[in-house]
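Take a look at the letters that make up each chain.
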Amino acid sequence: MLTVVLSGLRARWASFLGGFVALALGVGLLATMSLGLSAAFHAPERSPQRFASSAVVVQGQDRLTLDVRRGPETVSVAQRLDRPQPVDKELLRELRARWTVTTSGGPDTATPSGGPDAVGVDAPAAEVRALVGDRAQVLTGDERRRADPDADRDADALVGVNALLGTSGGVTAFVSVFVVASTFAFAVALRRREFGLLRTAGATPGQIRRILLAEATALGVLASAAGCALGALGAPVLARTLVDGGLAPEWFTVGGPAWPFHAAFWTGVTVALAGAVAASRRAGKVGPTAALREADVDADTLPLGRALLGTGLLLAGLGLLVWTYATDPSALLKRKTYTILPMLLITGIALLSPLLVRPVARLLRLRGAVGTLVRENSAASVRRTAAVAAPVLVTVALAGTLFGSATSVTRAKGVEAREQTAAQYVVTGPALRPVTAPAGAVVSPTGPTSVFVRDGDAAVVKYGARAVTDPAAFAELARLPVVAGDPRDLDDRSIVVNEEFERRRVGETVEVWRADGTGPVRLRVAAVLALGTGDNGPYVTRANAPGSAPDRIDARGGGTATVRALEASGGTVRTADAWADAERPPSGSPQARLGMVLVLGIALVYTVIGLANTLLMATSVRGGELASLRLAGATRAQILRVVTGEATLAVAIGTLLGLAVTALVLGALGAGLAALSAPLALALPWATVGTAAGVCAMVAIAASALPAWRLTR
């Protein structure tokens, strides 16, 4: 059997080339992504910066710790505060009386109350801990980094890197399985005559299956080894791209561990075997006489197993969309949802595509002999047409759902932000200076803060909130999506919440801990806002937002005097429209665009490989058919138009199916926005989808025309 397998690989190397390239590229990408994830998960420990010369650091508490119920037990849950609490003045006096205490300069060394948030102490750690007790934190060694400015900045950036690489790796695995499985299935369909001859010669169904699985194993091992080499070369390039694109810290590098290569290699071998299993089972079930009789006829194009699997995946995708809309509409706005759910829909429709090819092709009314041949050949050769349409479906659907959903969510956020202010001018910037409102002007400064609220007895939730300096001016300029109550009732003893709060009835009291951990305080619900895209409240006054400095000032009226006053705040002054466009650009942030381009680029490369491989194989075995057309009087140019027309029609069918998936996902997203009372700003990225479909069409035409031109010389 080994001789038969090796001979088959040598004789049909061209048909295996596409699968080899797709699998090697997939393994290379998986190795690259895994190396990046490994570097993100095992980031090098950075030395402390602010108190590098101090052996011990005493820092105010930077976490709020509360007890919650977990079943019959009570456990402590900690939530990070916006900023550490100040070191107690009495504790500072005691420390200074016994040891040398140092502070570091800079804006982050003092809390709003005037005391330092951390100090360095030159003393034994055990003695400092005995003196401090539970009044503050005692940090030593690498823990001293917690006192550095923006201590969590790099950690937050690495979370984004993990999300991007995880998504890219998932898309790579999905598309590679899809392309490799399609390649094996179509290659087996083209080899029915060969399998019929082997069965006639005495080969058993088990031997046929083992031959195909052995070919897949050999292909998987060779391609996975090549892919690991590609991953070693691509990982440093990925790291530089992430750093240059602002997605990763400047110190981010990859390399070192060997487990990413093992994971990628064995994943590649598994993908090759998984792609060949279904094809081998189908090949082993065909009898010798049936295989010879059906060698040139597309019959049984949708086996029962494929039909059931495709229907199940399609119904699962539709069911998850409906269930998510009904239970948690806000989840439809998250990248994880509009990345994963389309994969179920794509796979389901792709598996059922043979049912759709013939009706769509027959609906076309192409004129002339060439048009008739294109239509009838596409309808008769269902396997070939579906094999070409499937990778196009993947690319178009991913382009439409990823870019369309991200753009729609970004636009909805921008429209919502603009609709929620009646200001003429908006000033933004860190720690803006106070502004005196000129005559006839209304000025409303607000700043970021947080509130901590119990969610039942089992959780403590941290909400990002806005601190209002002047409630009367805020109520005059804000146009909030009020569900109940009146924001004008906001004062130091009340809070404006959104529908996400457990207690959200006007007049109820909410137990709240402030951003610095002080509390709890009981605040009355003054108004309830619709959830929207996620940025609607809560709102509190400055009295309940210790340490919050204004980072935004809304203003209206007063003419040029207002503009001059706003410029004195030290921030960037824009019109409200310009501010909304700058804060929420319609195309999204550069980092988000880079991530989506990376994901779409992976899908497009795989599609090109799948199209080229499928059409080269399919057209290369049509020598007898094309020769018959020549004998019937067709010119060489007419034959080329027929072949390229069939490829173009298959790409068009794949594009239509991809647009159908996009319409389902964007329709669910629109319904979710409506349920959240958010602006409906759906956007279909026609340019991106058109580019993807155009690239697919050009590759399909070239891959079908070249072998047809060679066969008709």
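Residues numbered from 1 in each chain as written. Predicted model: local features only at pLDDT ≥ 70, side-chain atom pairs only at ≥ 80, totals over all residues. Heavy atoms only, no water.

So, about the confidence of the model for the protein. Of all residues in the protein, 88% attain a pLDDT of 70 or more, and the chain-wide mean is 81. Within the protein, the element-level pLDDT minimum falls on helix α9 (residues 288-293), averaging 54, and the maximum on strand β14 (residues 539-541), averaging 94. Within the model, pLDDT remains below 50 along residues 105-112, and this stretch shows 18 contacts once partners closer than five positions in the same chain are excluded. (pLDDT = per-residue confidence, 0-100. Helix = DSSP H or I, 4+ residues; strand = E, 2+ residues; numbered from the N terminus. Contact = heavy atoms within 4.5 Å.)

Once that is clear, we can look at the packing of helix α3 (residues 89-98) against helix α4 (residues 125-132). Look at α3 against α4: their axes get within 11 Å of each other, and the N-to-C directions meet at 145 degrees. Of the two elements, α3 crosses α4, and the hand of that crossing is right-handed. From α3, Leu91, Glu94, Leu95 and Arg98 reach across to α4, where they touch Glu127, Leu131 and Val132. A per-class count over the contact of α3 with α4 returns four nonpolar, no polar and three charged. (Axes fitted to C-alpha atoms, helices over the stretch in contact; angles between N-to-C directions. Left-handed = near helix turned anticlockwise from the far one by under 90°. Nonpolar A, V, L, I, M, F, W, Y, C, P; charged D, E, K, R; others polar.)

Taken in spatial order, the four strands of this open sheet run β4-β5-β1-β6, and their pairing is antiparallel. This sheet does not close on itself; its edge strands, each paired only once, are β4 (100-102) and β6 (137-140). Adjacent strand axes in the sheet meet at a mean angle of 30 degrees, parallel and antiparallel pairs treated alike. Alignment of strand β1 (residues 56-59) against β6, held across four bridges, turns out to be antiparallel. If you follow Gln59 over to β6, its bridge partner there is Gln137. Taken strand by strand, α3 contacts β1, β4 and β5 (118-122), and its axis lies near 20 degrees from that of β5. (Pairing = 2+ DSSP bridges.)

Side chains that are nonpolar tend, in soluble globular proteins, to be buried together. Formed by 87 residues in total, the largest nonpolar core has its most connected members in Val175, Leu242, Phe252, Ile346, Leu393 and Val661. In terms of residues, this core owes the most to one element, helix α13 (residues 382-419), which gives 17 residues. Dropping the residues within four chain positions of it, Phe252 is found in contact with Gly36, Ala39, Ala40, Leu158, Val161, Ala239, Leu242 and Val243. (Core = buried A, V, L, I, M, F, W, Y, C linked by side-chain atoms within 4.5 Å. Buried < 20%, exposed > 50% of the residue type's maximum accessible area, 1.4 Å probe, protein only.)

Quick look at the packing of aromatic side chains now. Under the definition given, this model contains three aromatic pairs. Pairing Phe265 with Trp266 gives two aromatic rings, centres 5.0 Å apart and planes at 90 degrees, and the pair type is edge-to-face. Using a relative accessible area of 52% as the deciding quantity, one classes Trp266 as exposed. (Phe/Tyr/Trp six-rings, centres within 6.5 Å; stacked < 30°, edge-to-face > 60°.)

Let us look at the pattern of salt bridges. As enumerated under the stated definition, the model contains 13 salt bridges in all. Linking Asp62 and Arg80 is a salt bridge whose minimum nitrogen-to-oxygen distance equals 3.5 Å. Of this pair, Asp62 sits in the loop between β1 and β2 (63-70) while Arg80 sits in strand β3 (residues 73-80), placing them 18 residues apart in sequence. The exposure class assigned to Asp62 is buried, which follows from its relative accessible area of 3%. You can call Arg80 partly exposed: its relative accessible area is 29%. Among the ionic pairs, Arg384 bridges to Glu646, the shortest N-O distance being 3.1 Å. Taken together, the residues span a long stretch of sequence, with Arg384 in helix α13 and Glu646 in helix α19 (residues 636-675) at a distance of 262 residues. For Arg384, a relative accessible area of 13% corresponds to the buried category. The class for Glu646 is buried, based on a relative accessible area of 6%. (Salt bridge = Lys/Arg side-chain N within 4 Å of Asp/Glu carboxyl O.)

Glancing now at the pairing of β1. Every second residue of β1 is oriented toward a common face, with Val56 and Val58 on one face and Val57 and Gln59 on the other, all of them buried. Across four bridges, the pairing between β1 and β5 is antiparallel. Counterpart to Gln59 in the pairing with β5 is Ala118.

By secondary structure assignment, the location of Ser494 is in strand β11 (residues 494-498). With a relative accessible area of 0%, Ser494 lands in the buried category. Only 3.3 Å separates the side chain of Ser494 from the backbone oxygen of Asp489, close enough to count as a polar contact. Of the polar contacts made by the side chain of Ser494, one reaches the backbone nitrogen of Asp491; its length is 2.7 Å. Discounting residues that sit within four places of it in the chain, Ser494 has contacts with Asp489, Leu523, Arg524, Ala526 and Asn544. (Polar contact = N/O pair within 3.5 Å; in protein donor to acceptor, adjacent residues only side chain to side chain.)

Note that Ser677 resides in the loop between α19 and α20 (686-711). By relative accessible area, Ser677 is classed as partly exposed at 47%. Spatially, the C-alpha atoms of Ser677 and Leu529 are 9.7 Å apart, while their sequence positions differ by 148 residues.

You will see that Ala431, though not glycine, has its phi angle at about 50 degrees, which is positive. Structurally, Ala431 is set in the loop between β7 (425-428) and β8 (442-455). According to the relative accessible area criterion, Ala431 is exposed, its value standing at 53%. With a phi angle near 60 degrees, Ser677 is a residue other than glycine that sits in the positive phi range.

This part covers the side chain of Thr541. Turning to its location among the elements, Thr541 is positioned in strand β14. You can call Thr541 buried: its relative accessible area is 2%. The contact partners of Thr541, leaving out residues within four places of it in the chain, are Val468, Pro471, Leu490, Asp491 and Asp492.

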